[in-house]
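Chains, contacts and geometry: an overview
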Amino acid sequence: MQIATYELPPVGTNAYLLLPPNRAEAVLVDAPFGALKAISPQLKKANRRLAAVLLTHGHWDHIASAAECQAAGAAIYAHPDDREWIENPMMQADFMVPGLEIDPVRIDNFLQPRQILEIVGLSLEVRHVPGHAPGSVLFYDRVAKVAFVGDAIFAGSVGRTDLPGGDWEQLENSIRTQIYTLPGDTVLYPGHGPATTVAAERATNKFVRG
Ligand SMILES: [Zn+2]
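1. Section: the overall build of the protein chain
For the protein chain, the helix and strand inventory stands at 6 helices and 14 strands. Taken over the C-alpha trace, the protein chain has a radius of gyration of 16 Å; the compact-globule value for 210 residues is 17 Å, and the two agree within 12%. Taken along the three principal axes of its C-alpha coordinates, the protein chain extends 40 × 40 × 25 Å. For the protein chain, the residues scored as buried account for 45% of the 210 residues in total. Long-range pairs, those at least 24 residues apart, make up 57% of the contacts in the protein chain with a sequence separation of at least 6.

As structure tokens, then:
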């Protein structure tokens, strides 16, 4: 599977475009500002349609262009615990870069923990990883040995827990039971910053020891 990474403004949020082999579709993990515009050349080049947007959580910087993607035909997937933020993004105005407008998004498919999401030839395990946000999830591809972890964990760091619905003990528990239990060679693609691996974080992450 080909994975294209886009780091987008205004706070350097990663979007990941997944291009499974031999398909006419693609899947986007998270939809920061300008995501649809950013991925369009790649979609055109590969002659693919954007089938779905998988949201790792409902924070504004991860959902900003989800409505645009939906209007272009993509189905939106998210965990029900972040539903309010996604359907009414301006609830987050206090935590947003001032002056931004984000369109509401209708969730087409609610994600369930441990669900195996079969989508355009991919088989993604959904794991609930609350703590940074109540509806934080990760998407784990056992075959490709990759996981898209949103803001639960970063290379050498972890997600903040001071936003509404954040909880440090929950985050620590999510990382220990849902991330550190993945095979060590699993590549973690976070919502901000560079990719890392489960083994590297278990060995060196100072916030949650493996
Ligand atoms: Zn976040």
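2. Some remarks on the pairing of strand β1 (residues 2-8)
Successive side chains on a regular strand alternate, one facing one side of the sheet and the next facing the other. Strand direction decides the pairing type here: β1 and strand β2 (residues 13-19), joined by 7 bridges, are antiparallel. Bridged to Leu8 within β2 is Thr13.

3. A short note on the sheet that holds strand β7 (residues 116-119)
Pairing is mixed in the open sheet, where 6 strands are placed in the order β7-β8-β9-β10-β13-β14. With partners counted over all chains shown, the strands left at the sheet margins are β7 and β14 (196-197), one partner each. One ladder, built from 4 bridges, connects strand β8 (residues 122-128) with strand β9 (residues 137-141); its direction is antiparallel. Directly across from His128, in β9, lies its bridge partner Val137.

4. What about the environment of Leu163?
Counting through the fold element by element, Leu163 comes out in the loop between β12 (157-158) and α5 (168-179). In this structure Leu163 comes out as partly exposed when scored by C-beta crowding, with 14 C-beta atoms within 10 Å. Taking C-alpha positions, Leu163 is 9.8 Å from Gln92, a pair spaced 71 residues apart along the chain.

5. As for the sheet that holds strand β5 (residues 75-78)
An order of β1-β2-β3-β4-β5-β6 is seen for the 6 strands of this open sheet, with the pairing classed as mixed. In this open sheet, the two edge strands, each paired with only one partner strand, are β1 and β6 (109-110). Packed onto the sheet, helix α1 (residues 35-46) meets β1, β2, β3 (25-29) and β4 (49-54) and runs at close to 155 degrees relative to β1.

6. Observations concerning α5
Taking 1.5 Å as the rise per residue, α5 with 12 residues should run 16 Å; its terminal C-alpha atoms sit 15 Å apart, in good agreement. Turning to α5, the residues buried within the fold contact β8, β9, β10 (146-150), β11 (153-154), β12 and α6 (198-204).

7. Brief notes about the nonpolar core
Within the largest apolar cluster, 58 residues are counted, with the highest numbers of intra-cluster contacts made by Leu28, Val53 and Ala147. Those residues in contact with Ala147, other than ones at most four positions away along the chain, are Leu138, Phe139, Tyr140, Leu182, Thr186, Leu188 and Tyr189.

8. Observations regarding unusual backbone geometry
Following Pro9, the chain continues to Pro10 via a peptide bond in cis, the omega torsion being -5 degrees. Along the chain, Pro10 falls in the loop between β1 and β2. One non-glycine residue, Asp30, lies in the positive phi region at around 70 degrees. When the 28 C-beta atoms within 10 Å are taken as the criterion, Asp30 is described as buried.

9. A short note on the pairing of strand β13 (residues 187-190)
Inspection of the sheet shows β10 paired to β13 by 4 bridges, in the parallel sense. Bridge pairing links Phe148 to Tyr189 in β13. The pairing of β13 with β14 spans 2 bridges and is classified as antiparallel. Across the sheet, residue Leu188 finds its bridge partner in β14, namely Thr196. Counting the residues that bridge the hairpin from β13 to β14 gives 5 residues, and of these Gly193 lies at a positive phi of roughly 80 degrees.

10. Describing α1
A rise of 1.5 Å per residue sets the reference length of α1, with its 12 residues, at 16 Å; its end C-alpha atoms lie 17 Å apart and thus fit the reference within 8%. The complete set of buried residues in α1 reads Ala35, Leu36 and Ile39. The arc enclosing the buried residues of α1, seen along the axis, measures out at 75 degrees, which places them on a common side. Set apart from the buried face of α1 by more than 90 degrees, the exposed residues are Lys37, Ser40, Pro41, Lys44 and Lys45.

Calculation criteria
- Residues numbered from 1 in each chain as written.
- Predicted model: local features only at pLDDT ≥ 70, side-chain atom pairs only at ≥ 80, totals over all residues.
- Helix = DSSP H or I, 4+ residues; strand = E, 2+ residues; numbered from the N terminus.
- Rg over C-alpha atoms; globule rule 2.2 N^0.38 Å.
- Buried ≥ 20, exposed ≤ 12 C-beta atoms within 10 Å, placed from the backbone.
- Contact = placed C-beta atoms within 7 Å.
- Pairing = 2+ DSSP bridges.
- Axes fitted to C-alpha atoms, helices over the stretch in contact; angles between N-to-C directions.
- Expected span 1.5 Å × (residues − 1).
- Core = buried A, V, L, I, M, F, W, Y, C linked by C-beta atoms within 7 Å.
- Arc of directions from axis to C-beta.

Note that every value here comes from positions in space, so none of it alone points to a role or purpose.
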